[in-house]
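Geometric and topological summary
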Amino acid sequence: EADLRCMAVPAKYRHMQTFYRYYSGEKKAPVLTVFIGGNHEASNHLQELPYGGWVAPNIYYLGYAGVVRFRGVRIGGISGIFKSHDYRKGHFECPPYNQQTIRSAYHVRNIEVFKLKQLKHPIDIFMSHDWPRSIYHYGNKKQLLKMKSFFRQEVESNTLGSPAASELLQHLKPTYWFSAHLHVKFAAFMQHETNSKEELPKATKFLALDKCLPHRDFLQQIVDVEHDPNAGDSLEYDAEWIAVLKATNTLVNVTQSSWNMPEKNGLHAKWDYSATEEAIKEVLEELNHDLKIPCNFTLTAACYDPNKPQKNMEPVHTINPQTTEFCAQFGLTDINDRIQQAKEEGSGQGECEEEEEEEMDSTGSAEEPSEYNTDNSGLSSFNPDEIMLDDEGGDEDLSTCSVDPSPDHPPEFSTSFSDIRIMPDSMAVSSDDAMDSNNEELEKSGGSKQVEEKSSTERSLKRVGGDENGNSGIKKIKRRNQAIYAAEDEDKTD
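Residues numbered from 1 in each chain as written. Predicted model: local features only at pLDDT ≥ 70, side-chain atom pairs only at ≥ 80, totals over all residues. Heavy atoms only, no water.

Going by what an unreviewed UniProt entry lists, the protein chain is known as DBR1 enzyme and is assigned to Pardalotus punctatus.

Structure, rendered in structure tokens:
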């Protein structure tokens, strides 16, 4: 949740110091870790790896979107959160960020969803930061709303979560789907409909966990996934995904202009960019059938030195050697290099500050048309657990955007959906999670719940800085875990 390469951190935060040692190469992560980005990452660092790469030895980032393999298990993911006003734009952001791009840098783009929708072969595990919209209808909604009552309006109107992730869920039908973002543990089991009699029915086991804080439900028992016991223990490229990247390379866009992906509507000469078996075979031949991802982690910033703290460092737009090597190997466009070219030509973000400020004033808060009818990323309702930047309210849409309930999900959801689904053993939740609550119990707990929410809100992060007119000064981030580690006894009363 911070730029771990240069941010000064008190010595008591041992977990962050451990990452510094991983990043520097002093230590190697004991377990191979594959992850995606959310909305509280070091965007400037992750942006160096748009196609994925090592952020530290043995810690691999999937990029804006990506698919890899490990011991025969196919793992995919998409980074960021959904915001409809940025969804159809290109990846134009680069350091140093302004008040707009510091947040839009982690917003999901339609091209990444389009790429993932070209996949035809089964996915075993998929990750997103947002929850897929509608997934809450396939788990214990009563328990969810008991824990997070401020989600009720969006759950009833079926607007909670990412519609783009929901689209991917319907298309990919992975065996497992893991998410975060809403700071609550929730499991669901979704049985997909078949498109034909020949197609075998598929089901997705969904799991989200709470924040990694004391007394919170952030752990799940080991999930066993079928794998190839004879496969090596190295992370590998996915041949189909590489073929899709090569096929969609001409669609790369680094401008702020909104655009639609090709579709079969008579306006595009080509709309199918899925990988043929021949294209996949060509990728395998290029790699001599050796799909092992090289361990080519490279330092791109000085490691944190507690004896030489550097505060308020302005991030620099960096071209990562890993991305350069990856693009050269597969003939892909280096997005960051293209952005640099655009800046030099004066056609991108490199225009003069006056023009940039004028554009922000005229379009910074405007919402671009979208194929989705809402702009809820899963936190349109105020979430007292969320870490907030001092001026982030304008981006996080704290006012609820509601739409008329769809025929598939009417407002009387308690009578339309089962409140408890049968969970597979490998995705079982604790007895507290699975415990049902009737309406009478919810009403009885309403008063105490309001008190708990008020107390939680008072302990949550507040926006800091700025005068009474809303003008902010130096940007500050007040992190919730600072108070938690300093006052552990307070948490024990939760």
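On we go from here.
Spatially, the 7 strands line up as an open sheet ordered S8-S9-S7-S6-S5-S4-S10, and their pairing is mixed. The open sheet has two edge strands, strand S8 (186–191) and strand S10 (235–237), and neither has a second partner. Strand after strand, the sheet turns through a mean of 25° between neighbouring axes, direction not considered. Strand direction decides the pairing type here: strand S7 (residues 176–179) and strand S9 (residues 203–208), joined by 4 bridges, are parallel. Considered in S9, the bridge of tryptophan 177 is made with phenylalanine 206. (Pairing = 2+ DSSP bridges. Helix = DSSP H or I, 4+ residues; strand = E, 2+ residues; numbered from the N terminus. Axes fitted to C-alpha atoms, helices over the stretch in contact; angles between N-to-C directions.)

What follows covers the environment of leucine 299. Relative to the helices and strands, leucine 299 resides in the loop between helix H10 (277–286) and helix H11 (321–330). Residue leucine 299 is classed as partly exposed on the basis of its relative accessible area of 43%. (Buried < 20%, exposed > 50% of the residue type's maximum accessible area, 1.4 Å probe, protein only.)

Side-chain pairs of opposite charge can arise where the charged atoms are in close proximity. Enumeration over the complete set of coordinates arrives at 11 salt bridges. The residue arginine 74 makes a salt bridge to aspartate 238 at a minimum N-O spacing of 2.7 Å. In this pair, arginine 74 sits in strand S5 (residues 73–78) while aspartate 238 sits in the loop between S10 and helix H9 (239–247), placing the two residues 164 residues apart along the sequence. Overall, arginine 74 belongs to the buried group, its relative accessible area being 1%. Relative accessible area serves as the criterion here: at 1%, aspartate 238 is assigned to the buried category. One salt bridge connects glutamate 286 with lysine 246, and the closest N-O pair in it is separated by 3.3 Å. Within this pair, whereas glutamate 286 is found in helix H10, its partner lysine 246 is found in helix H9, the two being separated by 40 residues in sequence. (Salt bridge = Lys/Arg side-chain N within 4 Å of Asp/Glu carboxyl O.)

Moving on to the nonpolar core. Within the largest apolar cluster, 80 residues are counted, with the highest numbers of intra-cluster contacts made by Leu116 and Trp131. Looking at this core element by element, the count peaks at 6 residues for H9. Apart from the residues lying within four places of it in its own chain, the contact partners of tryptophan 131 are Leu144, Gly161, Ser162, Ala165, Ser179, Ala180, Leu182, Val184, Phe186, Phe206 and Ala208. Grouped together as the second largest cluster of nonpolar side chains are 5 residues, Phe114, Leu251, Met261 and Tyr273 included. (Core = buried A, V, L, I, M, F, W, Y, C linked by side-chain atoms within 4.5 Å. Contact = heavy atoms within 4.5 Å.)

Right, let's talk about the confidence of the model for the protein chain for a bit. Note that predicted coordinates carrying low pLDDT should not be read in detail. In the predicted model, the protein chain carries a mean pLDDT of 75, and the fraction of residues at 70 or more is 66%. Segment residues 1–14: pLDDT under 50, and 40 contacts once partners within four positions in sequence are set aside and those in other chains are kept. Below a pLDDT of 50 lies the segment residues 389–494, which in the model reaches 186 contacts outside its immediate sequence neighbourhood of four places, other chains included. (pLDDT = per-residue confidence, 0-100.)

Our next topic: H11. Of all the residues in H11, the buried ones are Gln322, Thr323, Phe326, Cys327 and Phe330. Relative to the axis of H11, the buried residues are bounded by an arc of 125° and lie together on one face. At its buried positions, H11 is contacted by strand S2 (53–56), S10, H9 and H10. Backbone nitrogen of glutamine 322 and a side-chain oxygen of the N-cap are separated by 2.9 Å at the start of H11; the cap is asparagine 320. Downstream of H11 by a residue or two, glycine 331 has a phi angle that is positive, lying close to 70°. (Arc of directions from axis to C-beta. Polar contact = N/O pair within 3.5 Å; in protein donor to acceptor, adjacent residues only side chain to side chain.)

The contact between H9 and H10 brings their axes to 8 Å, and the two run at 105°. Overall, the two elements H9 and H10 adopt an arrangement that is roughly perpendicular. Facing H9, whose interface residues are Ala239, Glu240, Ile242, Ala243 and Lys246, H10 presents Ala279, Ile280, Val283, Leu284 and Glu286. Classifying every residue of the contact of H9 with H10 gives 7 nonpolar, no polar and 3 charged. (Parallel < 35°, antiparallel > 145°, perpendicular 65-115°, else oblique. Nonpolar A, V, L, I, M, F, W, Y, C, P; charged D, E, K, R; others polar.)

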